[in-house]
Amino acid sequence: MNTKNLGVNTICTHIGEVKDEQFKGAVSPIFPSSSYAYEGVDVKRYPRYFNTPNQEALSKKIAMLEKTEAGLIFGSGMAAVSTTMLAFLHAGDHVVLQKTLYGGTYNFVVEEFDKFGIEYDFTEGFSETDFTSKIKENTKVIFVETPSNPLMVVTDLEMISKIAKNRNIVTMIDNTFASPINQNPADFGIDIMIHSATKYMGGHSDICAGAVAASEEHITKIWNIAKNLGGSLSDYTVWLLERSIKTMKLRVKAQSRNAKKLAKWLQKHDMVKKVYYPGLKNHPEYHLAKKQMKGYSGMLSFELKEGLSASKFMKSLQLIKESMSLAGVESTILSPAKTSHALLSAEERKRQGISDGLLRFSVGIEEKKDLIADLEQAFENISEKELEKK
Ligand SMILES: *Cc1c(COP(=O)(O)O)cnc(C)c1O
């Protein structure tokens, strides 16, 4: 079959299946063997070599979803991030990283890079000069994440790849928040796509995994160090991830649709100061988001009006769960000031625009009316509490 022009739902459902030749079952069998017969030096099959039947098959699905030649599945998003960066950065090299990155990625850079002799700079902002002004003779990698967490700032992917191509720099993106459903950075010339598959790819808040998609050449380079670092994923979880991705487009579309409607609803609410969602026309990068994204994702943030308590609001919610992670089919919410950004000083949080009233909302697939009813009763609950105080 010619797989070139398959639609996304078809790729999600069928690409990278392990055919059940024995019983003709409808789904991929699991091959949990950690020991395979010797078939020659080139075909040593072993889970830590990322080449069991299930691992190889799922890698094809990831690659096709990101429109690249090849892919690799990892034991976590951070295994994917760390292995990929270390594949391209050696002692004496320099990397330019976008200002706001996932906390784990930030920690990896500031806690580990000195040990390896890798130099790094974070940008001051998101513009072309913010990036070019940090580039040095020895810059080998530019690393971005868009939309970013938690303020949903959008970085211009075409701009990033243009800056890099002229200078022979490899570009990497953490594409977790958008997922391959809402954004394919390869279309804009980005070299390497990294995912925490714990989020939208898994989608049910029950597995931890990572994924990387890139050219055959880049994936080979990543594989060469991946087999030494050992961050592979168990075949049981590989299988669960394959099953989860079958419904990824259905889930992510529903989540993105809900998020857009809720963003509009929240924006009109008189107890909400501000909503951060790239799909809103008043988002500063709305036009850029429209150009490089196919949907605006299921993630949004909103800020309560001054004097309203974010923690009381969260405690008042009945359907929407307070939760550290994101992207599951169930809606979840958290306070960045109390969680991801809790270790920063109040001053630094303020500088980054993370107020105490800010809430990060991962929108699920529930019916919109039920989510609105839940938010509304929580708003009413905190406004009554505020009135009682007076
Ligand atoms: C969760 C997350 C990661 C890390 O993934 P793990 O699977 O937890 O290791 C990286 N980037 C982003 C944007 C994330 O949300």
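A. Structural view of the packing of helix α3 (residues 77-88) against helix α8 (residues 216-229). Closest axis-to-axis distance for the α3/α8 pair is 9 Å, and the angle between their directions is 115°. With respect to each other, α3 and α8 are oriented roughly perpendicular. In this structure, the crossing between α3 and α8 has a hand that is right-handed. Packed against α3, whose contacting residues are T83, T84, L86, A87 and F88, the element α8 presents H218, K221, I222, I225, A226 and L229 at the interface. Class assignment for the residues of the contact of α3 with α8 results in 7 nonpolar, 3 polar and 1 charged.

B. Expanded view of the domain arrangement of the chain. Structurally, the chain comprises domain 1 (8-245) and domain 2 (249-389). Taking the mean C-alpha position of each, domain 1 and domain 2 sit 27 Å from one another. With 34 residues of domain 1 at the interface, the matching set in domain 2 holds 37 residues. Of the roughly 3,000 Å² buried where domain 1 meets domain 2, counting both sides, 57% is carbon and sulfur surface. Looking at the side of domain 1 facing domain 2, the largest losses of area belong to L151, N182 and Y200, adding up to 25% of the total buried there. Our count for the contact surface shared by domain 1 and domain 2 stands at 1 salt bridge. For the interface between domain 1 and domain 2, the tally reads 17 residue pairs in polar contact (both at pLDDT 80 or more). Contributions of two or more residues to the side of domain 1 that touches domain 2 are made by α1 (8-14), α6 (157-165), α7 (179-182) and α9 (235-246). Element by element, the count of residues in the side of domain 1 that touches domain 2 is highest for α7, at 4 residues.

C. Spatial organisation of the nonpolar core. I62, F131, I142, M201, L241, I245 and M248 are the most contacted members of the largest nonpolar core, which has 41 residues in total. For this core, the secondary-structure elements that each account for two or more residues are α1, α2 (53-65), β4 (139-145), α6, β7 (210-214), α9 and α10 (248-268). No other element matches the 5 residues that α6 contributes to this core. Two domains each provide a minimum of three residues to this core, namely domain 1 (8-245) and domain 2 (249-389).

D. Structural context of the side chain of N184. Structurally, N184 is set in the loop between α7 and β6 (192-196). Of the residues examined, N184 reaches a relative accessible area of 2% and is grouped as buried. A distance of 2.9 Å separates polar atoms of two side chains, one belonging to N184 and the other to E66. A distance of 3.4 Å separates a polar side-chain atom of N184 from the backbone oxygen of P180. Not counting residues up to four positions away in its chain, the partners in contact with N184 are L65, E66, K67 and K294.

E. Seen up close, the sheet that holds strand β2 (residues 94-97). Across the sheet, which stays open at both edges, the 7 strands sit in the order β1-β7-β6-β5-β4-β2-β3 with mixed pairing between neighbours. Of all the strands in the sheet, the pair left with one neighbour each is β1 (70-74) and β3 (119-122). Between one strand axis and the next, the sheet turns through 20° on average, direction left out of account. Bridge analysis of β6 against β7 gives 4 bridges, and the strand direction is antiparallel.

F. Region of interest: a positive patch on the surface. A contiguous patch of positive charge on the surface is contributed by K253, R257, K261, K294 and K368. Residue contributions to the positive patch peak at 3 residues, all from α10. A relative accessible area of 42% means that K261 is categorised as partly exposed.

What counts, and where the lines are drawn
- Residues numbered from 1 in each chain as written.
- Predicted model: local features only at pLDDT ≥ 70, side-chain atom pairs only at ≥ 80, totals over all residues.
- Heavy atoms only, no water.
- Axes fitted to C-alpha atoms, helices over the stretch in contact; angles between N-to-C directions.
- Helix = DSSP H or I, 4+ residues; strand = E, 2+ residues; numbered from the N terminus.
- Parallel < 35°, antiparallel > 145°, perpendicular 65-115°, else oblique.
- Left-handed = near helix turned anticlockwise from the far one by under 90°.
- Contact = heavy atoms within 4.5 Å.
- Nonpolar A, V, L, I, M, F, W, Y, C, P; charged D, E, K, R; others polar.
- Domains from an automatic or database assignment.
- Buried area = accessible area lost by both parts, 1.4 Å probe.
- Salt bridge = Lys/Arg side-chain N within 4 Å of Asp/Glu carboxyl O.
- Polar contact = N/O pair within 3.5 Å; in protein donor to acceptor, adjacent residues only side chain to side chain.
- Core = buried A, V, L, I, M, F, W, Y, C linked by side-chain atoms within 4.5 Å.
- Buried < 20%, exposed > 50% of the residue type's maximum accessible area, 1.4 Å probe, protein only.
- Pairing = 2+ DSSP bridges.
- Patch = residues over 30% accessible without salt bridge, like charges linked within 9 Å, V, L, I, M, F, W, Y side chains within 5 Å.
- Areas by Shrake-Rupley, 256 points an atom, 1.4 Å probe, with all protein chains shown as cover.
- Lys, Arg positive; Asp, Glu negative; His and termini not counted.
- Charge placed at Lys NZ, Arg CZ, Asp CG, Glu CD.

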